[in-house]
Amino acid sequence: MNTGRTKRLGVALALVPAMFAVLLGSGCVDDAFCFSCGAEPSGSGASGGMGGVGGEGGEGGIGFGGFSQVGGGPPCDADLLNDVDNCGACDNKCLLPSAFPRCEQGVCVVDTCVAGAYDVDGDPKNGCEYACPVPVLGPEQCNGIDDDCDGKVDSADPDLVPPSNLCTVTAGTPCEGTMVVCNGSSGWSCVYPPEVEVVSGFVRITETRCDGVDGNCDGSVDEWFQELGSACDDGGLGKCADVGVVVCDPTNPATTTCDLSVLPDALPPTAESCNGADDDCDGFIDEEFDPSAFDMDPIPGSNPPAFVDRYEASRPDANMQAAGILETVACSKGSVLPWTGGSYTEAAAACAARGPGFRLCSAVELEAACRGPASMLYPYGATYDGMACLGVDNPAAMGGAAATGSLAACVSGAGPRDLSGNVTEWTRTQTNAAAAPNRIFQLHGGSYLSPQLGLACTMELPARAAEGTLLPNIGFRCCRQ
């Protein structure tokens, strides 16, 4: 037996209690597996050191194998890469705010967060730093709250999805391109252009502004103001009224106004004329005529003096193409179609409507006017001329009655036109003794259907008709005493 080696081993074993006392005094604890805190790393032959058990250490030392520490620090019997109590270093405990930690490759990281806390910034140093205001996660809504607990609220959160059908966005209207805006706790709203009519955040169904803009975004402009574009006037009477067109009122968009700047403009009042208009601007049409309102000629030989219409009677609205429809009063004017198809009563009433002194002519008055001062057989002379007036011998008669005064040769020496042909005329000369409605009256002058014998100013057998007869070749003219 080697007594020298035995002696040295005995000395070393004797030193073990003292070494543990030194280690304990240095602050190491057995549950941290740190047995050499502050001492040099274990070696196999360092002077004054300690070799590992089971191997020969340095002179005067003993070592403890199997304990180590990352970075060359005191050895620990721990998994420094994964142990949350010794993460990356001996006794380095992972303590993260509001988090359950995990040691990952020697670094403390967040494993999970405690209820109500969230790791928003991803920095493990401050743990789960964000306390969410909602107890249960949900999709982000427009309510001023971070509903999905990602640290972003309402429109600041890209996860917020605006409603698709909240706003009116009709293409081609002022609403096109309307923005949906989140207003926090007030919810969503639509930001419409100022020309759009909105009530309580919604586009009005009925437009209230007449402004030339589609204010309710329905594709039509000012459609609720249905009078737009219609005729209007300033309230004047007859031709004294200034007419215009209804437009939006530029001073009050809630109403319309009459734009009187368009033509025609108002005319000054004049004497009433037989034309279907209120010429004297008194609110009445074709009334209170002055005798000068009618073209009339004196009847030769009449005593007291009497006058006869220069032209066959016509309706106030007659023209060269149409006989008109107004039957208020009989006119006497040239170049219009004569009034035909009326009964004796209708003709008499139309003459009387002119005013006092006007009446149907008698057969004697029409004959005198036809013969003229020279007492001719025909208005144009003593000899028949089939082309002078409009009788059956004139080819123009194929078209029916002609416009009054259109045959220049068919004029009497007294002045009246068409007293032969064109249309035959009612007279107030009754040829029977019956009472209305069975009276028969003489007709004068013949018509476009009459031959030579029926076109003379004086006839032995003049035509007659019952007072209710309605024919397209029967007309009349008026006389005045």
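Under the annotation held in an unreviewed UniProt entry, the protein carries the name MopE-related protein and is attributed to Polyangium sorediatum.

**Student:** An account of the sheet that holds strand β15 (residues 424-430) is requested, with residue identities and associated values reported.
**Tutor:** Taken in spatial order, the four strands make up an open sheet running β17-β16-β15-β18, and their pairing is mixed. The strands lining the two open edges of the sheet, one partner per strand, are β17 (464-466) and β18 (474-475). Examined bridge by bridge, β15 and β18 share two bridges and lie parallel to one another. Directly across from E425, in β18, lies its bridge partner G475.

**Student:** Any details on the pairing of strand β16 (residues 440-444)? Residues and values, ideally.
**Tutor:** With four of five residues buried, β16 lies mostly within the body of the structure. By the bridge criterion, three bridges tie β15 to β16 in an arrangement that is antiparallel. Paired with E425 across the two strands is H444, which belongs to β16. Alignment of β16 against β17, held across three bridges, turns out to be antiparallel. Bridge pairing in β17 links I440 to A466.

**Student:** Run through the pairing of strand β1 (residues 99-104), naming residues and quoting values.
**Tutor:** Bridge count for β1 against strand β2 (residues 107-113) is six bridges, and the pairing is antiparallel. Bridging from a neighbouring strand, C103 pairs with C108 of β2. Taking the residues that link successive antiparallel strands as the turn, the β1-β2 hairpin has two residues, and the phi of Q105 there is positive, at about 55°.

**Student:** How would you summarise helix α2 (residues 344-352) if you had to cite specific residues and measurements?
**Tutor:** Every buried residue of α2 is listed here: Y344, A347, A350 and C351. Around the axis of α2, the buried residues are gathered within 130° of arc, so they sit on the same side.

**Student:** Before we move on, can you summarise the state of the cysteines with the specific residues and values?
**Tutor:** Note on terminology: disulfide describes a covalent bond linking the sulfur atoms of two cysteines. Evaluated as defined, the whole model comprises 16 disulfides. Residue C142 pairs covalently with C182 via a disulfide, S to S 2.1 Å. Of note, the bridge from C142 to C182 carries an S-S torsion of about 105° and is right-handed in sense. Residue C142 is found in the loop between β4 (130-131) and β5 (179-182), and its partner C182 is found in strand β5; the two are separated by 40 residues along the sequence. The same class applies to C142 as to C182, namely buried. Residue C232 pairs covalently with C258 via a disulfide, S to S 2.0 Å. Taking the sign of the S-S torsion, 90° for the link of C232 and C258, the bridge is right-handed. Linking C232 in strand β9 (residues 231-233) with C258 in strand β11 (residues 256-259), this pair joins segments that are 26 residues apart in sequence.

About the criteria used
- Residues numbered from 1 in each chain as written.
- Predicted model: local features only at pLDDT ≥ 70, side-chain atom pairs only at ≥ 80, totals over all residues.
- Heavy atoms only, no water.
- Pairing = 2+ DSSP bridges.
- Helix = DSSP H or I, 4+ residues; strand = E, 2+ residues; numbered from the N terminus.
- Buried < 20%, exposed > 50% of the residue type's maximum accessible area, 1.4 Å probe, protein only.
- Arc of directions from axis to C-beta.
- Disulfide = S-S within 2.5 Å.

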